[in-house]
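Summary of the model geometry
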Amino acid sequence: MKNTDNEIIQSGKASFKIEVPYKLIESGTKQAPKPLIVYLHGFNQTEKSFRKDCRNLLKVHAYHLFIQAPYPIYDRSREKPVSEWGRSWYLYDGSQDQFLRSMDHASRFIGQIITKTIDATAATRTAILGYSMGGYLAGYHAIKWPEHVQDLIICSARYKSELLEGEYEKINHQSILALHGNADKKVESSPQRNEIEGLKQHGIDATFVALADTHKFSQAFIEKILDWLNDKGYTCDPI
């Protein structure tokens, strides 16, 4: 019998499309000029679960855009339908290059939705609120696409100022609020505190607030966010 050799004659990559839900909610006077607030949830959450966590923020007169992360996390309990599986914003295996590539892909993805929303509404300014994994993405997007972001709120994550590469002037129009629980064991608070102090030294309007809390996105976070937005000129109904 004649021996035959196996030979790869073609290889490549193909795109695989995943539909990702998002919700746009309007509060305040209908179709009136008002801010756009973009919400980026944490690891293993969904836009629906984070929308529930943020329900008191709907007191702010704004367009509220909740986007779900694209990567599904398998539910090992097999108790949830796929639509309720938690989601992840990016893929991280310990490699910084992989982290940045995946983060950039997610940033471009949310940027498309944000641009589409701005074009379809009377949005006057844009705030991005990110929690945990969503906080890392919020900071990344505000650095890489600074013209899209006027206000940035990062909860339980670190602002990666090294991505600015010393070009602090490109974010000098942004206001930044960083909230962190002192008892957070998943993401320590001190690196974020140092980041915000560094931004302030370069003239950036940045504020760090430590809370007697853990990694959980709690009512204490909500109250600080509402106070800060009110100080920045956002209109808020009383809770």
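Treat the numbers as computed from the prediction; the structure is a model and nothing was measured. (Residues numbered from 1 in each chain as written. Predicted model: local features only at pLDDT ≥ 70, side-chain atom pairs only at ≥ 80, totals over all residues. Heavy atoms only, no water.)

Focus on the overall build of the protein
Test applied: Helix and strand labels come from DSSP, where a helix needs a run of H or I of at least four residues and a strand needs a run of E of at least two; each type is numbered from the N terminus. Summary of the burial criterion: residues with accessible area below 20% of their type's maximum are buried, those above 50% are exposed, and those between are partly exposed, where the area comes from a 1.4 Å probe applied to protein chains only. Whether two residues touch is decided by their heavy atoms; if any such pair falls within 4.5 Å, the residues are in contact. Exposure was quantified through the Shrake-Rupley algorithm and a 1.4 Å probe, taking into account, for residues, occlusion by the shown protein chains and nothing else. Here Asp and Glu are counted as negative and Lys and Arg as positive; His is not counted, and neither are the chain ends. Think of each charge as sitting on NZ of Lys, CZ of Arg, CG of Asp or CD of Glu.
Secondary structure assignment for the protein yields five helices and nine strands. From first element to last, N terminus to C terminus, the protein shows the α and β order β-β-α-β-β-β-α-β-α-β-β-α-β-α. For the protein, the spread of C-alpha atoms along the three principal axes comes to 85 × 40 × 35 Å. For the protein, buried positions account for 46% of its 239 residues. In the protein, of all internal contacts separated by at least 6 residues, the share reaching a separation of at least 24 is 70%. Total accessible area computed for the protein in this model is approximately 13,300 Å², and 48% of it derives from carbon and sulfur atoms. Computing the positive centroid from 30 side-chain charges and the negative centroid from 29, the protein places the two 5 Å apart.

Here's the deal with the sheet that holds strand E3 (residues 63-67)
How we decide: At least two DSSP bridges between two strands are required for those strands to pair. Angular values range over 0 to 180 degrees, each being the angle between N-to-C directions of two axes fitted as lines to C-alpha atoms, with helices fitted over their stretch in contact.
Spatial strand order, E1-E3-E2-E6-E7-E8-E9: seven strands in an open sheet with mixed pairing. Of all the strands in the sheet, the pair left with one neighbour each is strand E1 (22-26) and strand E9 (205-211). In this sheet, neighbouring strand axes are inclined to one another by 15° on average, regardless of whether the strands run parallel or antiparallel. Two strands pair when backbone bridges link them, and E1 and E3 are joined in this way by five bridges, in the antiparallel orientation. Paired with Lys23 across the strands is Phe66, a residue of E3. The strands touched by helix H2 (residues 96-120) within the sheet are E1, strand E2 (34-40), E3 and strand E6 (123-131), with E3 carrying the most contacts at an inclination of about 155°. Against the sheet, helix H5 (residues 219-231) makes contact with E2, E6, strand E7 (151-155), strand E8 (175-181) and E9, and its axis sits at roughly 160° relative to E8, the strand it touches most.

Quick word on the pattern of salt bridges
As a reminder, the rule being used: Salt-bridge detection follows one rule: a side-chain nitrogen of Lys or Arg within 4 Å of a carboxyl oxygen of Asp or Glu.
As enumerated under the stated definition, the model contains 10 salt bridges in all. Note that Arg125 is salt-bridged to Asp151, the shortest N-O span being 2.8 Å. In this pair, Arg125 is assigned in strand E6 and Asp151 in strand E7, connecting sequence segments 26 residues apart. Lys232 is the partner of Asp205 in a salt bridge, and the nearest nitrogen-oxygen pair spans 2.6 Å. In this pair, Asp205 is assigned in strand E9 and Lys232 in the segment after H5, connecting sequence segments 27 residues apart. Residues joined in a network through salt bridges with shared partners are Arg158, Lys160, Glu162 and Glu195.

Some words on the side chain of Glu195
For Glu195, the position within the fold is in helix H4 (residues 189-201). For Glu195, a relative accessible area of 11% puts it in the buried group. Discounting chain neighbours no more than four positions away, the residues touching Glu195 are Arg158, Tyr159, Ser161 and Glu162.

Quick notes on the packing of aromatic side chains
Defined as follows: Classification of ring pairs rests on two measures: the distance between centres of Phe, Tyr or Trp rings, Trp counted by its six-membered ring, which must be within 6.5 Å, and the angle between planes, read as stacked under 30 degrees, edge-to-face over 60 and tilted in between. Counting as a charge over the ring demands two things of the Lys NZ or Arg CZ atom: a distance within 6 Å of the ring centre and an angle within 35 degrees of the ring normal.
Per the stated rule, a full pass over the model turns up eight aromatic pairs. When the ring of Tyr90 is compared with that of Phe99, the centres are 5.3 Å apart and the planes differ by 85°; the resulting orientation is edge-to-face. You can call Phe99 buried: its relative accessible area is 6%. Every member of this aromatic cluster is reached through a ring pair, and the members are Phe50, Tyr131, Phe217 and Phe221. Stacked on the ring of Tyr63, the Lys or Arg Lys34 has its end atom at 5.2 Å from the ring centre.

Honestly, it's all geometry; don't read function into it.
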